[in-house]
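What follows is the residue order along each chain.
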Amino acid sequence: MALTHAAFTTEKAGEDEKAFIADIRRILCGEPSEMTLPERFALLFDPACSQCYVTLFQRGQKPLRWGARRATLFESISRAVEGLRNCSGFGAIDPADASGCRIMVEMVTESHACDLQKITGTSLSIHRFEPGVTGLRFESEGRRHYFMPTDAMTHSIMSVRQLLNFLSKRLGVSERTHKISERVEMVRSMDARCSFIKSIAIVSYEEEVLPLYRGIPVPVTLSVQNIEMSLRNSVAWLAENLKTDGRVLYFYDPISDSEVDFQHPNMTDPTYYNILRHCGGTITLLMGYERFGDDRMLKAARRSLDYFVTTLKTHHVEGTDACYPFYNGKSKLGGAGIGLSAIMHYKRLTGDGRYRKYAEGLVHHILSRIEPDGEMVGYFLHPAFRNGAPLTNVTDDEKRGLFSFYYPGEALLGLALYYQYAGTMA
């Protein structure tokens, strides 16, 4: 069965929004045209907050964007289109080519004040920044800057840290230091008025116009067929992008064509990797094989398991060989549990017992991490404890520092799958 990448059927904008984009395209081409104002935009337009942006995207060119806020929607869009036509880069754009030049219109619909010092992406509150849903209006020293909700998609902004670093470049702060943490603190400490904003947006796609949510087209229906297609394409992506050594492509930013994880930008090896998530990817490949019967998914899962076992180290537990995953200077209980789960799912689906000795070693290791009172110790090796030496006979203080809500459950899952399928392991 071939791997396919069929696109979702997406929702299409109404005829008035389609005519709106067509009118803008004609005006950009220098043709006289009236402007059809779409009902949804007209109803939500608020002269107090509705900044309007028109953006042009064309392959090989930097996006061009111009924004304006006037007393009416017509005046706002007209000013934005006029601004684009006068941009220095406009000559390299061909707005007449509907298949090559995409037009996006975005309008602010809501605005409420927020505290720059309290903006968070990790807790639910009125100060929460939600990528793709909330944008930011930033006013300082008489200048106003907009980070529109769709900017999260077009600039790969997924965190508050990234947002504030992006603003530091707009504000000139980035010229003072190359350290992102310092830039972020400089922006947070600025005397500025900030507001969270929300918006509506549409984008042209050849002759069609698509409404956007979180900066991406909206699927028509949440159907079984669409969910299955999404699942198949996601697993296919993992299989097709598996590295030669068996690792999955851990992180990819299509905007910058980069594999450097934004959460670990300062690692000695910028292509950060995590062995628990590797094993989760292995299980995903196996689940894909089980659902779709595609041998390429199974072969990819086997290659990823072959990589996992290269991370295993051996120790002895009461005279018995045991093994544990060791990665990034740590040995995590969760890595042993999810790795064991991946091996047992492979055995369940194939009957192939090639990883038996590793499964047995992981079981012995996991059992050795259970304290007499039933508590599981989250780490066997950790550079912040005992200078990285094995953590046996741990103290209560050490247990608190090594505690994880997740690792014991992952370890128990591995043990349960081993108990269920080990009897058939040749």
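Residues numbered from 1 in each chain as written. Predicted model: local features only at pLDDT ≥ 70, side-chain atom pairs only at ≥ 80, totals over all residues. Heavy atoms only, no water.

### Topic: the packing of aromatic side chains
For the structure on display, the rule yields eleven aromatic pairs. Summarising the aromatic geometry, the rings of Tyr53 and Tyr146 are spaced 6.1 Å apart at their centres and angled 75 degrees between planes, so their arrangement reads as edge-to-face. Residue Tyr53 is found in strand S1 (residues 52–58), and its partner Tyr146 is found in strand S5 (residues 143–147); the two are separated by 93 residues along the sequence. This pair shows no difference in class: Tyr53 is buried, exactly as Tyr146 is. Between the aromatic rings of Phe403 and Phe405, the centroid separation amounts to 5.0 Å while the plane-to-plane angle is 80 degrees, which identifies the pairing as edge-to-face. Assessed through its relative accessible area of 70%, Phe405 is described here as exposed. Through successive ring pairs, a cluster of aromatic residues spans Tyr250, Tyr273, Tyr307 and Tyr327. Above the plane of the ring of Phe292 lies Arg232, whose end atom (NZ or CZ) is 5.2 Å from the centre. Just above the ring of Tyr273 sits the side chain of Arg247; from NZ or CZ to the centre is 5.4 Å. (Phe/Tyr/Trp six-rings, centres within 6.5 Å; stacked < 30°, edge-to-face > 60°. Helix = DSSP H or I, 4+ residues; strand = E, 2+ residues; numbered from the N terminus. Buried < 20%, exposed > 50% of the residue type's maximum accessible area, 1.4 Å probe, protein only. Lys NZ or Arg CZ within 6 Å of the ring centre and 35° of its normal.)

### Considering the confidence of the model for the protein chain
With 95% of its residues at a pLDDT of 70 or more, the protein chain shows a mean pLDDT of 91. Strand S8 (residues 216–217) is the least confidently modelled element of the protein chain, averaging 85 in pLDDT, while helix H9 (residues 295–310) averages 98, the highest of any element. Low pLDDT, under 50, characterises residues 1–7; the stretch is placed with 22 contacts to residues that sit more than four places away or in other chains. (pLDDT = per-residue confidence, 0-100. Contact = heavy atoms within 4.5 Å.)

### Brief notes about the pairing of S5
The pairing of strand S4 (residues 135–140) with S5 spans five bridges and is classified as antiparallel. Each bridged residue has a counterpart across the sheet, and for Leu136 the counterpart in S5 is Phe147. (Pairing = 2+ DSSP bridges.)

### Some thoughts on unusual backbone geometry
Phi at Glu141 is positive, roughly 55 degrees, even though this residue is not glycine. Summarising the element assignment, Glu141 is placed in the loop between S4 and S5. Take Glu141: its relative accessible area is 76%, and that puts it in the exposed class. A positive phi angle, near 55 degrees, is found at Asn328, a position not held by glycine.

### Some details on helix H11 (residues 356–368)
Relative to the 18 Å expected for 13 residues at 1.5 Å per residue, H11 spans 19 Å between its end C-alpha atoms, a close match to the ideal helical length. Burial in H11 covers these residues: Ala359, Gly361, Leu362, Val363, His365 and Ile366. (Expected span 1.5 Å × (residues − 1).)

### Some thoughts on the state of the cysteines
Summed over the entire model, instances satisfying the criterion amount to zero disulfides. In this structure Cys29 is a free cysteine whose sulfur lies 8.2 Å from that of Cys101, the closest cysteine sulfur available. For Cys29, a relative accessible area of 30% puts it in the partly exposed group. Among the cysteines around Cys87, which has no disulfide bond, Cys101 carries the closest sulfur, lying 13 Å off. (Disulfide = S-S within 2.5 Å.)

### Considerations on the nonpolar core
Residues Leu285, Phe308, Leu340, Ile343, Leu362, Ile366 and Leu402 are the most contacted members of the largest nonpolar core, which totals 52 residues. Within the residue set of this core, elements represented by two or more residues are helix H7 (224–240), helix H8 (275–292), H9, helix H10 (333–350), H11 and helix H13 (407–421). Of all hydrophobic cores here, the second largest spans 27 residues; its members include Phe20, Met35, Leu56 and Leu64. (Core = buried A, V, L, I, M, F, W, Y, C linked by side-chain atoms within 4.5 Å.)

### A few points about the environment of Asp373
Relative to the assigned elements, Asp373 resides in the loop between H11 and strand S12 (379–381). You can call Asp373 exposed: its relative accessible area is 59%. Here the side chain of Asp373 touches Glu375 through a polar contact of 3.0 Å, landing on its backbone nitrogen. (Polar contact = N/O pair within 3.5 Å; in protein donor to acceptor, adjacent residues only side chain to side chain.)

### Remarks on the side chain of His365
Relative to the elements of secondary structure, His365 occurs in helix H11. Exposure remark for His365: the relative accessible area of 1% places this residue in the buried category. Setting aside anything within four residues of it in sequence, one finds His365 in contact with His315, Ala322, Cys323, Tyr324, Ser331, Ala336 and Phe380.

### Quick word on the packing of H10 against H11
Interaxial distance between H10 and H11 falls to 10 Å at its minimum, and their mutual angle equals 145 degrees. Where H10 crosses over H11, the handedness of that crossing is left-handed. Side by side, H10 and H11 meet where Leu333, Ala336, Gly337, Gly339, Leu340, Ile343 and Met344 of the first sit next to Tyr358, Ala359, Leu362, Val363, His365 and Ile366 of the second. Residues belonging to the contact of H10 with H11 are distributed by class as follows: ten nonpolar, three polar and no charged. (Axes fitted to C-alpha atoms, helices over the stretch in contact; angles between N-to-C directions. Left-handed = near helix turned anticlockwise from the far one by under 90°. Nonpolar A, V, L, I, M, F, W, Y, C, P; charged D, E, K, R; others polar.)

### Structural notes on the pattern of salt bridges
Counting across every chain of the model gives 17 salt bridges. Between Arg137 and Glu139 there is a salt bridge, and its shortest N-O distance comes to 3.6 Å. Its salt-bridge partner being Glu139, residue Arg193 comes within 3.1 Å of it at the nearest N-O pair. In this pair, Arg193 is assigned in strand S6 (residues 193–205) and Glu139 in strand S4, connecting sequence segments 54 residues apart. Three or more residues are tied together by salt bridges with common partners; here these are Arg137, Glu139, Arg144 and Arg193. (Salt bridge = Lys/Arg side-chain N within 4 Å of Asp/Glu carboxyl O.)

### Observations concerning a nonpolar patch on the surface
On the surface, Phe403, Phe405 and Tyr406 cluster together into a nonpolar patch covering about 440 Å² of accessible area. Its place among the elements puts Phe403 in the loop between helix H12 (396–402) and H13. (Patch = residues over 30% accessible without salt bridge, like charges linked within 9 Å, V, L, I, M, F, W, Y side chains within 5 Å. Areas by Shrake-Rupley, 256 points an atom, 1.4 Å probe, with all protein chains shown as cover.)

### Remarks on H8
An ideal rise of 1.5 Å per residue puts 26 Å on 18 residues; H8 measures up with 25 Å between its terminal C-alpha atoms. Of the surrounding secondary structure, the elements contacted by the buried residues of H8 are H7, H9, strand S11 (331–332), H10 and H13. Capping of H8 at its N-terminal end is provided by Asn274; its side-chain oxygen lies 2.9 Å from the backbone amide nitrogen of Leu276.

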